[in-house]
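Listed here are the chains, written in short residue letters.
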Amino acid sequence: MTTLVLTHETGLRHETPQGHPEQVARLEHILHAFRQNDIAVETAPEGRREDVLLCHPERYIARLEAALPAEGLHQLDADTWISPGSLAAAWHGVGAVREAVDRVLAGDARNAFCAMRPPGHHAEQETPMGFCFFGNAAIGAKHALERHGLARVAVVDFDVHHGNGTQSLLWDEPRAQLISSQQMPLWPGSGDPSERGAHDNVCNIPLAPGSDGYEMRDAYTHDVLPRLRNFAPELILISAGFDAHRDDPLANLNWSTEDFVWLTQEICQVAQECCEGRVVSVLEGGYDLAALAEAVTVHVKTLQEAAA
């Protein structure tokens, strides 16, 4: 069995203003690291409208299409910009996660990583925000539930910022469990442990600013991993943000690259016990270019080791 890695060149055509942290160079650095480490990639297909409609209404898609500029940049909110190539990138991000779910569940690959931008976990049902347009991880979960008939799908989000979008999209979905760790306090301000979902299907793990991998490992060992095992998912999706790295400029956690190795190993171990190792990981944040490329590379290598 192998690890499927999906990307698409449209991810390099989603442009943001100079100095914006969610920049084209993020994907450029990741793909360069993949080439240096002989990590083979495949081309992600374009997402379908019916995929996005699993989580977002038609009027929202139409509003994004109407906002798409013929040239230049258009600002959607304080942080989120749209350029002529942005929606093509977002559609291929959706297509990547759908293809990854399909092929992992078909047994063509043991696990998968979707190397696409823009990210997705802040996008709410009708609100683009936090650099995000479509809720890729939530769409992947709903696709597995609705199209493949799974009974239980888990999403683990270890981005340093709380995935408010994924939480809102899966809030009333009893077949999905979202477990999210995030720095708190930090933008967007959600992610308190009291936010538990309509069916006790959301678990938020706040991590204090200045804490490091020791605190993260303790929280995952005692809270996250037991809850994940108890849920016994048939598929695990990861919202893989790498901005908890000590070098990241947008937050104040102090994880090392080795912490991402440990975390990936532990999630893969639960997947091995519960669902034949089936994991689909989706790129979210990470804004120090060198740290991002290094952490993504070890994340994928660890997925490959688990798939072997």
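For the structure, see preceding data.
We now turn to the structure provided with this report. (Residues numbered from 1 in each chain as written. Predicted model: local features only at pLDDT ≥ 70, side-chain atom pairs only at ≥ 80, totals over all residues. Heavy atoms only, no water.)

1. What to know about helix α1 (residues 24-36)
1) Next: Compared with an ideal rise of 1.5 Å per residue, which puts 13 residues at 18 Å, α1 spans 19 Å between its outermost C-alpha atoms and is within 8% of the ideal.
2) Next: Of all the residues in α1, the buried ones are V24, A25, R26, L27, I30, L31, A33 and F34.
3) Next: For α1, the elements touching its buried residues are β1 (3-7), β5 (111-114), β10 (279-283) and α9 (289-307).
4) Next: Taken from the residues just after α1, D38 is the one with a positive phi, measuring 55°. (Helix = DSSP H or I, 4+ residues; strand = E, 2+ residues; numbered from the N terminus. Expected span 1.5 Å × (residues − 1). Buried < 20%, exposed > 50% of the residue type's maximum accessible area, 1.4 Å probe, protein only. Contact = heavy atoms within 4.5 Å.)

2. Comments concerning the pairing of β5
1) Next: Of the two faces of β5, the one carrying N111 and F113 and the one carrying A112 and C114 are both buried.
2) Next: Of the pairings in the sheet, the one linking β1 to β5 comprises four bridges and is parallel in character. Across the sheet, residue V5 finds its bridge partner in β5, namely F113.
3) Next: Pairing between β5 and β10: four bridges, direction parallel. Across the sheet, residue C114 finds its bridge partner in β10, namely V282. (Pairing = 2+ DSSP bridges.)

3. As for the sheet that holds strand β6 (residues 153-157)
1) Next: Pairing in this open sheet of eight strands is parallel, and the strands run β2-β1-β5-β10-β9-β6-β7-β8 from one edge to the other. Every interior strand has two partners, whereas the edge strands, β2 (42-43) and β8 (202-207), have only one.
2) Next: Where α1 meets the sheet, its contacts fall on β1, β5 and β10, and the angle it forms with β1 comes to roughly 140°.
3) Next: Lying over the sheet, α9 contacts β1, β5, β9 (235-240) and β10, oriented at roughly 160° with respect to β5. (Axes fitted to C-alpha atoms, helices over the stretch in contact; angles between N-to-C directions.)

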